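Residue-level listing of the chains:
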Amino acid sequence: MKRGLVIGKFMPIHQGHIALINFAASQCDEVIVSMSFTDQDPIPGDGRLSWIKEVFHNQSNIHIHKIKDDFDDDTLPLKERTRIWADRMREVYPTVHLVISSESYGETFAENLKAGNVLFDIERKNVPVSATHIRQKPFVYWDFIPPVVRPYFVKKICFYGPESTGKSTMARRMADLYQTEFVPEVAREMITSNDFTVDDIIKIGHAQTQRIIDKTKTANKFLFCDTDLITTQIYSQIYLKQVPGVLYELEKQIRYDQYFLFDTDVPWVKDELRDLGDKREVMFEKFKHELDKRNIDYILVSGDYEHREQFIVEKLEQLISEFS
């Protein structure tokens with residue numbers, strides 16, 4: 001039995017890590033993947049661990065573990081520093097015969113662990129990426145991010161505001177333009193009139209939240225959302241004169257990276273659910289107030305439909321430059 005060891009933060013795991021671990025598996029009968037974490041990590045450890053497990057869930061010879069990084073001392077010379085690592089590895093793992101890494105620490109770490117050492121693609125020629133690159137510029141390195149990890153980096157865009165301001169059409173249009181997913185107003189799939197109950201609005205809240213979670217898994221960089229749980233709360237208050245507490249809890253589950261607040265300076269179009277045409281300005285102020293009281297930044301969208309589309313594309317391109 002030859003047992004290998006791969007260590008790292010995997011923040012996040014990427015195609016380079018996957019190639020490294022698969023190479024290790026080709027060299028050993030069993031591979032321990034040791035993911036270190038701290039409470040201050042920018043990406044929480046439990047999430048990273050679940051990603052690694054999902055990537056390798058069909059490979060029974062790869063064993064995934066996490067270990068709290070409360071023993072490292074980066075002020076020490078590399079040989080002394082890796083001796084501390086080796087001591088901890090011996091405490092928590094069975095005997096390791098081979099250290100496989102893509103880092104310069106591999107040789108001294110293996111020596112301290114009294115194991116063999118194999119370096120893999122240390123110059124990153126096969127997979128030219130690092131976790132730091134991905135965290136800083138996820139859109140540039142999108143193709144190096146495993147599908148299970150991509151939802152973490154998807155930027156959720158909320159088109160928000162009163163009814164009949166073009167949000168639904170814009171969500172579909174932007175999804176088509178950026179070759180990604182959009183989430184419609186799920187309430188329209190569940191009710192045909194504004195004569196609904198508290199149970200109905202709770203079901204709508206759950207369904208809207210779940211649809212966003214589901215679509216995030218298949219989105220390409222952006223996810224465009226036609227509505228949010230703040231909107232559900234507003235209409236619950238208007239039509240039911242109350243807001244069930246669960247709608248506030250559901251609101252906390254989704255964080256949007258950018259809100260676009262749609263103004264009412266486009267023609268009103270009535271349908272079976274739109275009956276507040278005479279209160280458009282009041283509704284606009286209500287929607288705006290809910291963002292303001294939460295200190296949520298937003299971009300105001302106004303003008304005709306053509307101008308709105310051009311304006312939103314400009315703002316999205318600015319966002320892309322921030323993540324690229």
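Before reading further, recall that the structure is shown in the block above.
This structure is a prediction, so every number in the text was calculated from the model and none was measured.

Please set out the overall build of the protein chain residue by residue, giving values where relevant.
Looking only at helices and strands, one finds 13 helices and 10 strands in the protein chain. Here the C-alpha radius of gyration of the protein chain, 25 Å, is well above what a compact globule of 324 residues would show, namely 20 Å. Across the 324 residues in the protein chain, those meeting the buried criterion constitute 48%. Counting contacts in the protein chain only where the partners sit at least 6 residues apart, residues at least 24 apart contribute 72% of the total. When the accessible surface of the protein chain is summed, it comes to about 16,100 Å², and 48% of that surface belongs to carbon and sulfur atoms. When the 42 basic and 51 acidic side-chain charges of the protein chain are each reduced to a single mean position, those positions are 3 Å apart.

Go over the pairing of strand S3 (residues 62-68), please, and point to the residues and values.
When strand S2 (residues 30-37) meets S3, the two strands line up parallel, connected through 7 bridges. Note that in S3 the partner of Met35 across the bridge is Lys66. For the segment spanning S2, helix H2 (residues 45-55) and S3, crossover handedness is right-handed.

An account of helix H4 (residues 106-113) is requested, with residue identities and associated values reported.
The buried fraction of H4 amounts to 6 of the 8 residues, a majority that puts the element mostly inside the structure. Within H4, burial applies to Gly106, Thr108, Phe109, Ala110, Asn112 and Leu113. Where the residues of H4 are buried, they touch strand S1 (3-8), helix H3 (78-92), strand S4 (98-101) and strand S5 (116-119). Residue Lys114 follows H4 closely and has a positive phi angle near 55 degrees.

Describe the packing of helix H9 (residues 198-216) against helix H10 (residues 229-240), naming the residues involved and giving the relevant values.
Look at H9 against H10: their axes get within 10 Å of each other, and the N-to-C directions meet at 170 degrees. Between H9 and H10, the angle falls in the class roughly antiparallel. Each of Val198, Ile201, Ile204, Gly205, Gln208 and Thr209 in H9 lies in contact with H10, whose residues at this interface are Leu229, Thr232, Ser236 and Leu240.

Tell me about the side chain of Arg308, and please be specific about residues and values.
Along the chain, Arg308 falls in helix H13 (residues 305-322). Not counting chain neighbours up to four residues away, the residues in contact with Arg308 comprise Thr165, Met170, Phe262, Asp263, Thr264, Asp265, Val266, Val301, Ser302 and Gly303.

Just give me the short version of helix H1 (residues 15-27), but keep the residues and values in it.
Its 13 residues place the ends of H1 19 Å apart at the C-alpha level, agreeing with the 18 Å of an ideal helix rising 1.5 Å per residue. Within H1 the residues assigned to the buried category are Gly16, His17, Ile18, Leu20, Ile21, Ala24 and Ala25. Buried residues in H1 make contact with S1, S2, H2, S3, S4 and helix H5 (131-136).

Can you break down the state of the cysteines residue by residue, with the values?
This model, assessed by the stated rule, comprises 0 disulfides. No disulfide involves Cys158; its sulfur sits 6.3 Å from that of Cys225, the nearest cysteine.

Help me get a handle on the pairing of strand S8 (residues 222-225), residues and values and all.
Residues Phe222 and Phe224 line one face of S8 and the alternating positions Leu223 and Cys225 line the opposite face, and both faces are buried. With 4 bridges connecting them, strand S6 (residues 155-160) and S8 associate as parallel partners. Its bridge partner being in S8, Ile157 is matched across the sheet by Phe224. Pairing of strand S7 (residues 181-183) with S8, which is carried by 3 bridges, proceeds in the parallel orientation.

Can you lay out the packing of aromatic side chains for me, pointing to particular residues and giving the numbers?
Considering all chains together, one arrives at 22 aromatic pairs under this definition. Ring plane angle 70 degrees and centroid distance 5.4 Å describe the contact between Tyr256 and Tyr259, whose orientation is recorded as edge-to-face. Its relative accessible area of 12% is what places Tyr256 among the buried residues. Tyr259 sits in the buried class, given a relative accessible area of 6%. Among the aromatic residues, those joined into a ring-pair cluster are Phe139, Trp142, Phe159, Tyr178, Phe222, Phe224, Phe260, Phe262 and Phe323. Sitting above the plane of the Phe37 ring, Lys66 keeps its charged end 4.9 Å from the centroid.

Reading the values: the criteria
- Residues numbered from 1 in each chain as written.
- Predicted model: local features only at pLDDT ≥ 70, side-chain atom pairs only at ≥ 80, totals over all residues.
- Heavy atoms only, no water.
- Helix = DSSP H or I, 4+ residues; strand = E, 2+ residues; numbered from the N terminus.
- Rg over C-alpha atoms; globule rule 2.2 N^0.38 Å.
- Buried < 20%, exposed > 50% of the residue type's maximum accessible area, 1.4 Å probe, protein only.
- Contact = heavy atoms within 4.5 Å.
- Areas by Shrake-Rupley, 256 points an atom, 1.4 Å probe, with all protein chains shown as cover.
- Lys, Arg positive; Asp, Glu negative; His and termini not counted.
- Charge placed at Lys NZ, Arg CZ, Asp CG, Glu CD.
- Pairing = 2+ DSSP bridges.
- Right-handed = clockwise from strand over helix to strand, strands pointing away.
- Axes fitted to C-alpha atoms, helices over the stretch in contact; angles between N-to-C directions.
- Parallel < 35°, antiparallel > 145°, perpendicular 65-115°, else oblique.
- Expected span 1.5 Å × (residues − 1).
- Disulfide = S-S within 2.5 Å.
- Phe/Tyr/Trp six-rings, centres within 6.5 Å; stacked < 30°, edge-to-face > 60°.
- Lys NZ or Arg CZ within 6 Å of the ring centre and 35° of its normal.

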